[in-house]
Structure formats: C-alpha cells, structure tokens
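# Geometric and topological summary
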Amino acid sequence: MSMAMPTGGAARPAHRGWATAAVSGAAETLPSDLDALGSHAQDCRGGSGPLFEARCVAESMVGLIAPRIVTTAIAVVLVLGVISLLT
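Keep in mind the model is a prediction, meaning the values are calculated, not measured.

## Quick word on the overall build of the chain
Looking only at helices and strands, the chain has three helices and two strands in total. Reading the secondary structure of the chain in the N-to-C direction produces β-β-α-α-α. Within the chain, the proportion of its 87 residues that are buried is 0%. When the accessible area of the chain is evaluated, it comes to approximately 7,900 Å², of which 68% is carbon and sulfur surface.

Below you can see the structure in the form of structure tokens.
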C-alpha cells in the first residue's frame with residue numbers, strides 16, 4: 001500500500017475506494033438467515049397488540065419518575081395532603 005505524505009509531514013494511506021462489505025461481490029443469503037429474519041419480524045408485529053400502547057405509556061412514566069423518585073414522593077405526599085384537607 002502506498003503512503004501519501006500530507007503537508008504536515010505525517011504519513012497516511014493513499015485514498016482508496018473502500019467498500020463496506022468484507023468480501024467483494026454479491027452477498028449470499030442462507031435459508032437460516034431468512035428464517036431468523038421472519039421470526040424477528042413476527043416478534044415485532046406481535047408487540048403491537050392491545051396492551052402495547054399501555055405498556056409504552058407505563059415505560060415512559062417509569063423513565064420520567066425513576067430519576068426523580070424523591071421529588072415524586074414529595075409531590076404525591078403534598079397532593080394527598082391537599083386532598084385530605086379539602087375533604
């Protein structure tokens with residue numbers, strides 16, 4: 001491989017047309033690859049059932065509350081205190 005010398009003096013590889021594939025040529029698809037892809041696609045489709053949206057909301061609420069557990073606990077106590085005073 002030839003080395004090009006930039007103006008700064010550091011050696012670097014000369015520009016080559018790199019490909020993203022490890023081996024040049026067409027990729028071969030095995031039947032086991034297609035089976036695994038089909039199984040994965042089926043699993044992804046199964047996630048959109050009737051409780052999927054509720055699970056997504058619950059996960060986002062946990063993500064919102066978990067880092068602020070002390071603040072959330074104080075807010076809950078305050079809300080319950082105000083409700084008990086009003087009733």
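From this point, the discussion proceeds with the structure in view.
## Details of the confidence of the model for the chain
When pLDDT is averaged along the chain, the result is 77, and 68% of the positions lie at 70 or above. At the level of individual helices and strands, the chain shows its lowest average pLDDT in strand 1 (residues 3-4), which scores 50, and its highest in helix 3 (residues 69-86), which scores 94.

## What to know about the pattern of salt bridges
In this structure the tally under the stated criterion is one salt bridge. For Glu59, the salt bridge goes to Arg55, with nearest N and O atoms at 3.3 Å. Residue Glu59 and its partner Arg55 are both found in helix 2 (residues 52-65); the two are separated by four residues, about one turn of the helix.

## Thoughts on a nonpolar patch on the surface
Together, Val57, Met61, Leu64, Ile65, Ile69, Val70, Ile74 and Leu78 make up an exposed nonpolar region whose accessible area comes to about 740 Å². Among the secondary structure elements, those contributing two or more residues to the nonpolar patch are helix 2 and helix 3. In this structure, Ile74 sits in helix 3.

Calculation criteria
- Residues numbered from 1 in each chain as written.
- Predicted model: local features only at pLDDT ≥ 70, side-chain atom pairs only at ≥ 80, totals over all residues.
- Heavy atoms only, no water.
- Helix = DSSP H or I, 4+ residues; strand = E, 2+ residues; numbered from the N terminus.
- Buried < 20%, exposed > 50% of the residue type's maximum accessible area, 1.4 Å probe, protein only.
- Areas by Shrake-Rupley, 256 points an atom, 1.4 Å probe, with all protein chains shown as cover.
- pLDDT = per-residue confidence, 0-100.
- Salt bridge = Lys/Arg side-chain N within 4 Å of Asp/Glu carboxyl O.
- Patch = residues over 30% accessible without salt bridge, like charges linked within 9 Å, V, L, I, M, F, W, Y side chains within 5 Å.

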